[in-house]
Amino acid sequence: MIIRLRNLFAVVMLSSVFSLLSTGLFVTLDAVDVAFTEAAVGAGITTVLFLGALALTGSIEKPQRGRPYIALLVMTALAAMLLYGTMDMPPFGDAGAPAHRHVAPEYITGTQTQIGIPNMVSAILASYRGFDTLGETGVIFTAGIGVLLLLRRRLSSRQQSGGGDAE
Amino acid sequence: MKHHIILRIGAKLLIPPIMLFALYVQFHGDYGPGGGFQAGVIFASAFILYGLVFGLAELRRVAPLAVVTKLMAAGWLIYIGVGYAGLILGGKFLDYDVLSHDPVSGQHLGILLVELGVGVTVASAMLVIYQCFAAHQSRELADDEW
């Protein structure tokens, strides 16, 4: 199903709804931690941040000039490559897939004996893959610092002029 | 938003349970679904709801940007600090086994502290981003503009 819209407010709302629907999908697949994240981040805070961005830029997309044939060509080639890449993937739910045979059994047995907590996802996220999570936290920190550096100047000048527009 | 009394009362009723739920998700992450990332986002959303309903000036009074920015760094430093604690106590970087008297309780402690660091960083980063975006709004939006 393809929906084309120029009203970006409707686009943000639809992506929020889509996110909430995929939460249900993740719950059906027994991935409750992923579902939780999708509901909190995808459907929740991202929508608010998108709306904040829309309030700055305007909520109608500008009509595009010209026809982007090169972009279409690049995207088609990329899609073809990705589809070709998925042909070697093991079938969905295959117990013999490499993802289920390499370190996963060790994590499943080790969570009980080495870590001793019931939630396997937390054990992998915080302990077995602690370096990954350290990096992810760094990414979020960097994102916050980046937004702060880009937008802070007007924030502080607004403060001095008592909330009025400084520019 | 001064005339929207239902929104204001509704927000006041909702904010404490949202924060309590965030703390539950944070510290119950070892036993049920959830953890630092989700808890941080939920905790920040309580503040963002407050900011949406009562305005940015009120939000900056309860969560000043200077404090939130420092917390954002502090969360990551907690995480890195746990890593170095393992190093100092004779293990590897981010090795929780040596943090306590036996490996399993060391892992418990390590995961709890690391998740706390993640939660603090995520919550403050979301608040920083929201405050930066909201500060640029130079005009009140009319009801029919959306």
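For the structure itself, consult the block above.
Numbers given to residues run from 1 along each chain, matching the order in which its sequence is written. In the order they appear in the text, chains get letters beginning with A and ligands get numbers beginning with 1. With the structure being a predicted model, the display of local features is reserved for residues of pLDDT at least 70 and the display and counting of side-chain atom pairs for 80 or more, all residues being used for whole-chain, interface and lining totals. The side-chain figures draw on all heavy atoms in the structure; neither hydrogens nor water molecules are used.

**Student:** How do you make sense of the overall build of chain A when you look at a structure like this?
**Tutor:** A run of H or I in DSSP counts as a helix once it spans at least four residues, and a run of E counts as a strand once it spans at least two, with each numbered from the N terminus. A count of helices and strands for chain A gives 7 helices and 0 strands. Start at the N end of chain A and walk to the C end: the helices and strands fall as α-α-α-α-α-α-α. Atoms counted for the radius of gyration: C-alpha only. Globule rule: 2.2 Å times the number of residues to the power 0.38. At 22 Å, chain A has a C-alpha radius of gyration far larger than the 15 Å of a compact globule built from 167 residues. Along the first, second and third principal axes, the C-alpha atoms of chain A reach 60 × 45 × 25 Å.

**Student:** Would you mind showing me how to read the overall build of chain B here?
**Tutor:** The number of helices and strands found in chain B is 5 helices and 0 strands. For chain B, the C-alpha radius of gyration of 19 Å lies well beyond 15 Å, the compact-globule estimate for 146 residues. In terms of its C-alpha atoms, chain B occupies a principal-axis envelope of roughly 60 × 30 × 25 Å. Exposure is judged per residue with a 1.4 Å probe applied to protein chains only, and the accessible area is read against the type maximum: over 50% gives exposed, under 20% gives buried, and values in between give partly exposed. A burial count over chain B gives 45% of its 146 residues as buried. For accessible areas, the Shrake-Rupley method is used with a probe of radius 1.4 Å. Any residue's cover is judged against the shown protein chains and nothing else. Of the roughly 7,200 Å² of accessible surface on chain B, a fraction of 71% belongs to carbon and sulfur atoms. When charges are tallied, Lys and Arg are placed among the positive residues and Asp and Glu among the negative ones, while His and the ends of the chain are skipped. Note that the charge is assigned to NZ on lysines, CZ on arginines, CG on aspartates and CD on glutamates. Charged side chains of chain B number 8 positive and 10 negative; the gap between the two group centres comes to 13 Å.

**Student:** Help me out: how do you make sense of the interface of chain B and chain A in this one?
**Tutor:** It is common to give the size of an interface as the accessible area lost on bringing the parts into contact. Note on contacts: a residue pair qualifies if any of its non-hydrogen atoms lie within 4.5 Å across the two residues. In this complex, chain B contributes 52 residues to the contact, which on the side of chain A involves 48 residues. In short, buried area is how much 1.4 Å probe accessible area vanishes from two parts on joining, totalled over both. Roughly 4,500 Å² is buried in total at the junction of chain B and chain A, and carbon and sulfur atoms are behind 75% of that figure. For this document, the term salt bridge refers to a Lys or Arg side-chain nitrogen within 4 Å of an Asp or Glu carboxyl oxygen. At the surface where chain B touches chain A, the tally comes to 0 salt bridges. Here a polar contact means two N or O atoms within 3.5 Å. Within protein one must be a hydrogen donor candidate and the other an acceptor candidate, and residues neighboring in sequence count only if both atoms are side-chain atoms. In this structure, the connection of chain B to chain A is made through 13 residue pairs in polar contact (both at pLDDT 80 or more).

**Student:** Which parts of the structure should I look at to understand unusual backbone geometry?
**Tutor:** Trans peptide bonds make up most of the peptide bonds, and negative phi angles are found at most residues other than glycine. Residues other than glycine seldom take positive phi values, yet A:Asp30 does so here, at roughly 65°. With relative accessibility at 67%, the residue A:Asp30 sits in the exposed group. Of note in the backbone geometry, B:Leu94 takes a positive phi value of approximately 65° without being a glycine. With respect to the helices, strands and loops of the structure, B:Leu94 is situated in the loop between helix 4 (65-88) and helix 5 (103-135). Residue class for B:Leu94 comes out buried when judged on its relative accessible area of 8%.

**Student:** Before we go on, may I ask you to explain the nonpolar core in this structure?
**Tutor:** For soluble globular proteins, the rule of thumb is that nonpolar side chains tend to be buried together. By size, the foremost hydrophobic cluster in this structure holds 53 residues, and its most contacted members are B:Tyr79, B:Tyr96, B:Val122, B:Leu127 and B:Val128. Where this core is concerned, the elements lending two or more residues are helix 2 (32-57), helix 6 (120-128) and helix 7 (130-160) of chain A together with helix 1 (5-27), helix 2 (36-54), helix 3 (56-62), helix 4 and helix 5 of chain B. The greatest single-element share of this core, amounting to 15 residues, is contributed by helix 5 of chain B. In contact with B:Val122, not counting residues within four places along its chain, are A:Ile140, B:Phe37, B:Gly40 and B:Val41. Only buried residues count toward a nonpolar core, which is a set of Ala, Val, Leu, Ile, Met, Phe, Trp, Tyr and Cys residues joined through side-chain atoms within 4.5 Å.

**Student:** Whenever I open this one, the pattern of salt bridges confuses me. Can you help?
**Tutor:** Any two side chains of opposite charge can pair, on the condition that their charged atoms come close. This structure, assessed with the given rule, holds 2 salt bridges over all chains. Note that A:Glu61 is salt-bridged to A:Arg6, the shortest N-O span being 3.7 Å. Taken together, the residues A:Glu61 in the loop between helix 2 and helix 3 (69-86) and A:Arg6 in the segment before helix 1 (8-28) connect sequence positions 55 residues apart. In this structure, the salt-bridge partner of B:Glu58 is B:Arg61, at a minimum N-O distance of 3.2 Å. Here B:Arg61 and B:Glu58 lie together in helix 3, a separation of 3 residues that amounts to about one turn.

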